[in-house]
Amino acid sequence: MLPATTMCYIKMSRIPAILSVILLSGPLPAQESPKPFVTYPGPVGDYLKRIQQGRQAHSFDASVRFGQWQEKDRGALIELTGLQQMEKDLGGFTPKIRLGQAEKTNEPFTRALCSIETEPGVVIPFYLLIPKDANPAQPLPLLLCPHGHDKLGLHSYAGAFKDDKHRKTVLEKEGDIGAQAARRGFVVIAPATRGLAEEVLVPDPKGRHGNRPCRAQLIHCLLGGRTPTAERIWDMQRLLDWAEKHPIIDPKRIVMTGNSGGGVLTAYTAAIDTRIKVAIPSCSFTSVTSKEGFIFHCDCCLVPKLRNWGDWKELGGLVAPRHLLIVHGVSDGLHHRPTVDKLGGQLKNIFKAAGAPNNTELEWGNSGHRFYPSLMWPFIEKALAKKK
């Protein structure tokens, strides 16, 4: 065996040779850029990038006092969605609640199918789940969970299955999020989402809008100066008006979640209404468009001129310093991980400016377009522990 000093000399003598090989072989390859989500023909791509850039007049500005930025930003969003017009048009209307009879179940909670008339002739059904041991002396947290593009969505979330096939489909993806919450001691409101639930669809006669009721809703709304997003937020706010006065609900511990279109509604409602203390938009929270100009969300989620206002980082910024968990699935083909990851980083900086960098997280589930309860519940429990 060679002495240690000789071995050291041999190793050191190889360094110039190694360096010469590296230099002769050219520069090291740069880190590979993320693959585009979609591709458009050159002129089309250029056109989309140009018109979709928008003014972003309410983009987050760290040089402005945070509360001041939020107030101005939120007011502009309320106007942009058409919610401000709805507030003016419906200011004299009093919503009407009809409470249904509680079902007998083997679960540790009761379940009643109720309804609320949120504007003249518009009746939104919802399930009300209440733990059987609920006591007004100890108010419980509330989970508000609107669904996405599932005609049976409120039934799915509440665990009120129509048949064995429905049950199997929902439980395979842990989609009974309302029933899960009730088992954990939450009062739950699982409402129909206007334009998406079978009970509150806008028909598309003659298939003029592609036989898509949600798109028909969009077109009718735009003609009236509002958006489906505004209508859905309006419905959620009227439910919150009722819920926060309920004797067994703690208004300081209101959580909102939904998957897909329900996640979009969660994000907008939490941005606009500060009564939502914890927001968990599932498989939905992303920028308006990809780098190439692809629009990620369904037509019915469209808010015209949104890019003149800002983007989803501003939407998330309006939730700060409250709690916001963004959840996506790694194999969800509807979304683009590099776009979402970039947005998550931007939100961290905004929450840091709000003094709450730890109140937002981005988590990735190991599957597709669905709920990920194992990622959600720890975040919820930790956030609500701070609210007690």
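My aim in this report is to walk through the structure given alongside it, one point at a time. (Residues numbered from 1 in each chain as written. Predicted model: local features only at pLDDT ≥ 70, side-chain atom pairs only at ≥ 80, totals over all residues. Heavy atoms only, no water.)

1. Details of the layout of surface pockets
Right, so step 1: The computed volume of the largest pocket comes to approximately 580 Å³.
Right, so step 2: If you trace the largest pocket, you find 23 residues lining it, with T289, S290, K291, T339 and K342 closest to the centre.
Right, so step 3: If one sorts the elements of the lining of the largest pocket by residue count, helix α13 (residues 337-353) sits on top with 5 residues.
Right, so step 4: Tallied by class, residues from the lining of the largest pocket come to 4 nonpolar, 11 polar and 8 charged. (1 Å grid on protein atoms, 1.4 Å probe; cavity = no way out; pocket = protein on both sides within 12 Å on 5 of 7 lines; lining within 4 Å. Points joined across faces, edges and corners; volume = space filled by probe spheres on them. Helix = DSSP H or I, 4+ residues; strand = E, 2+ residues; numbered from the N terminus. Nonpolar A, V, L, I, M, F, W, Y, C, P; charged D, E, K, R; others polar.)

2. Here we look at empty space enclosed by the protein
Right, so step 1: One pass over the structure, following the stated rule, counts 1 cavity of 30 Å³ or more.
Right, so step 2: What the largest cavity holds in volume is close to 40 Å³.
Right, so step 3: Lining the largest cavity are T229, R232, G261, V264, L265 and C301.
Right, so step 4: Elements with a contribution of two residues or more to the lining of the largest cavity: α9 (228-243) and α10 (261-272).
Right, so step 5: Top contributing element to the lining of the largest cavity by residue count: α10, with 3 residues.

3. Section: the sheet that holds strand β2 (residues 109-119)
Right, so step 1: Sheet architecture is open: 9 strands sit in the order β1-β2-β3-β5-β4-β6-β7-β8-β9, paired in mixed fashion. Each having just a single partner strand, β1 (96-98) and β9 (360-365) make up the two edges of the open sheet. Strand-to-strand, the axes of this sheet are offset by a mean angle of 20 degrees, without reference to chain direction.
Right, so step 2: Taken strand by strand, α13 contacts β8 (323-329) and β9, and its axis lies near 160 degrees from that of β9.
Right, so step 3: On the sheet, helix α14 (residues 373-385) packs against β4 (140-144), β6 (249-259), β7 (278-282), β8 and β9 and is oriented at approximately 175 degrees with respect to β8. (Pairing = 2+ DSSP bridges. Axes fitted to C-alpha atoms, helices over the stretch in contact; angles between N-to-C directions. Contact = heavy atoms within 4.5 Å.)

4. A few points about the pattern of salt bridges
Right, so step 1: Under the definition given, this model contains 22 salt bridges.
Right, so step 2: A salt bridge links R183 to D176; the nearest nitrogen and oxygen atoms lie 3.6 Å apart.
Right, so step 3: A relative accessible area of 39% places R183 in the partly exposed class.
Right, so step 4: One connected set of salt bridges, linked through shared partners, spans E119, R194, R226, E231 and D235. (Salt bridge = Lys/Arg side-chain N within 4 Å of Asp/Glu carboxyl O. Buried < 20%, exposed > 50% of the residue type's maximum accessible area, 1.4 Å probe, protein only.)

5. Remarks on the nonpolar core
Right, so step 1: Ranked by internal contacts, the top residues of the largest apolar core, which has 94 residues, are L77, F186, V188, I189, Y268 and W312.
Right, so step 2: Leave out the neighbours within four places in its chain, and V188 touches Y127, L128, L129, L142, L143, C145, G178, A181 and A182. (Core = buried A, V, L, I, M, F, W, Y, C linked by side-chain atoms within 4.5 Å.)

6. Quick look at the pairing of β7
Right, so step 1: Buried residues dominate β7, accounting for 5 of its 5 residues.
Right, so step 2: Burial along β7 is two-sided: V278, I280 and S282 and A279 and P281, pointing in opposite directions, are all buried.
Right, so step 3: Bridge count between β6 and β7: 5 bridges; the pairing is parallel. Each residue of the ladder has a partner; that of N259, found in β7, is S282.
Right, so step 4: A crossover connection joins β6 to the parallel β7 through α10; in handedness this β-α-β unit is right-handed.
Right, so step 5: Note: β7 against β8, 3 bridges, orientation parallel. Bridge pairing links V278 to H323 in β8. (Right-handed = clockwise from strand over helix to strand, strands pointing away.)

7. Quick notes on the packing of helix α8 (residues 213-223) against α9
Right, so step 1: Direction vectors running N to C along α8 and α9 enclose 95 degrees, while the axes themselves pass 8 Å from each other. Judged on the interaxial angle alone, α9 and α8 are roughly perpendicular. Of the residues in α9, those in contact with C214, Q217, L218 and C221 of α8 are P228, E231 and R232.
Right, so step 2: Its residues assigned to classes, the contact of α8 with α9 shows 4 nonpolar, 1 polar and 2 charged. (Parallel < 35°, antiparallel > 145°, perpendicular 65-115°, else oblique.)

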